[in-house]
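# Overview (structure and organization)
Below are the chains, spelled out letter by letter.
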Amino acid sequence: MLIVKDISQNFGELPVLKNISFQVEDNEIVAVLGPSGCGKSTLLNIIAGLQKPKAGFVAGADHAISFVFQDDRLLPWRTVWQNISLVNDQENKEEIRNLIHDVGLENFEQYKPCQLSGGMKKRCGIARAFYYKSEILLMDEPFQGLDYCLRHEMLNMLLRVWNARKQAVLFITHEIDEAIIVANRILVLSGRPSKLVKQFILPPQGERNAKSNQLNEIRQEIISIIME
């Protein structure tokens, strides 16, 4: 379980985060939405230990964390297989092979990043994050810049891999529909200084209909909060 308690952060005299608290349960996907520049990435960096907060604390993140950044951060001189395997000292060929299959990169194992499309690079980054075998996966707008159809395909791929391996995921996004597709819960932040305004609990994946009145009401309420 990841526990975020009363996190506040300033950049100089600029207050960015204010008293943010929430939990991410084991095997749960939680999406965080909020207006641009509200500090979503800053919050993720604090959880990952890349920044120290002005106040508050994070618990449950003292063991290994996987992080999927906005950019792919693949090593250009390594192949797909090598980029995935480098995060674990003991290479498990069967598991790498299964991950490559799950993310749709079969037959591209020996390709280098310069030979891959943007979506393929992101698939490789996700496979690498799951292969790291952390209990918590942080994702910072991993599908930013992809067109709608490809983004939808990537979200379904993420759900397939997550369903097979189940771990806690904290997913930062600007896209409300991304959150509605993948998350068990959605946390909505205000503008700076960001506070946690509201959380939404979504129906189970198998019972979810993107066109349902319930999800449309959630979508409209999130838009209203962000617009404020």
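Above: the structure in question.
Residues numbered from 1 in each chain as written. Predicted model: local features only at pLDDT ≥ 70, side-chain atom pairs only at ≥ 80, totals over all residues. Heavy atoms only, no water.

For the rest of this paragraph, the subject is the environment of Val 68. Assignment of secondary structure puts Val 68 in strand β5 (residues 65-68). A relative accessible area of 8% places Val 68 in the buried class. Val 68 sits 61 residues away from Ala 129 along the chain, and the two C-alpha atoms are 6.6 Å apart. (Helix = DSSP H or I, 4+ residues; strand = E, 2+ residues; numbered from the N terminus. Buried < 20%, exposed > 50% of the residue type's maximum accessible area, 1.4 Å probe, protein only.)

Here we come to the sheet that holds strand β8 (residues 185-189). Strand order in this open sheet of six strands is β5-β6-β7-β3-β8-β9, and the pairing throughout is mixed. Only two strands of the sheet have a single neighbouring strand rather than two, namely β5 and β9 (196-201). Across the sheet, the mean angle separating the axes of adjacent strands is 15° when strand polarity is ignored. Across four bridges, the pairing between β5 and strand β6 (residues 136-140) is parallel. If you follow Val 68 over to β6, its bridge partner there is Met 139. Lying on the sheet, helix α5 (residues 148-165) is in contact with β3 (29-33), β6 and β7 (168-172); it crosses β7 at an angle near 165°. Across the face of the sheet, helix α7 (residues 213-227) comes into contact with β3, β8 and β9 while running at roughly 170° to β9. (Pairing = 2+ DSSP bridges. Axes fitted to C-alpha atoms, helices over the stretch in contact; angles between N-to-C directions. Contact = heavy atoms within 4.5 Å.)

Among the five residues of β7, five are classified as buried, and the element is accordingly described as predominantly covered. A two-sided burial pattern is seen for β7, the buried positions comprising Ala 168, Leu 170 and Ile 172 on one face and Val 169 and Phe 171 on the other. The pairing of β3 with β7 spans four bridges and is parallel. Looking at β7, one finds that Ile 29 is bridged to Val 169. Note that β6 and β7 share five bridges and pair parallel. Looking at the pairing, Asp 140 lines up with Ile 172 of β7.

Strands sit in the order β2-β1-β4 across an open sheet of three strands; the sheet is antiparallel. What marks the edges here is a single partner per strand, and that holds for β2 (14-24) and β4 (55-59). Each strand axis lies, on average, 20° off the axis of its neighbour in the sheet, ignoring direction.

The next subject is the packing of aromatic side chains. To describe a pair of aromatic rings, one takes the distance between the centres and the angle between the planes. Taken as a whole and judged by the stated rule, the model has three aromatic pairs. Look at Phe 108 and Tyr 111: their rings are 4.9 Å apart centre to centre, the planes differ by 70°, and that puts the pair in the edge-to-face class. The exposure class of Phe 108 is partly exposed, given its relative accessible area of 26%. When the centroid spacing of 6.2 Å and the interplanar angle of 50° are considered together, the rings of Phe 143 and Phe 171 count as tilted. Remark: Phe 171 occurs in strand β7 and Phe 143 occurs in the loop between β6 and α5; sequence separation between them is 28 residues. Residue Phe 171 is classed as buried on the basis of its relative accessible area, which comes to 0%. The ring of Phe 69 carries the charged tip of Arg 73 above its face, separated from the ring centre by 3.7 Å. (Phe/Tyr/Trp six-rings, centres within 6.5 Å; stacked < 30°, edge-to-face > 60°. Lys NZ or Arg CZ within 6 Å of the ring centre and 35° of its normal.)

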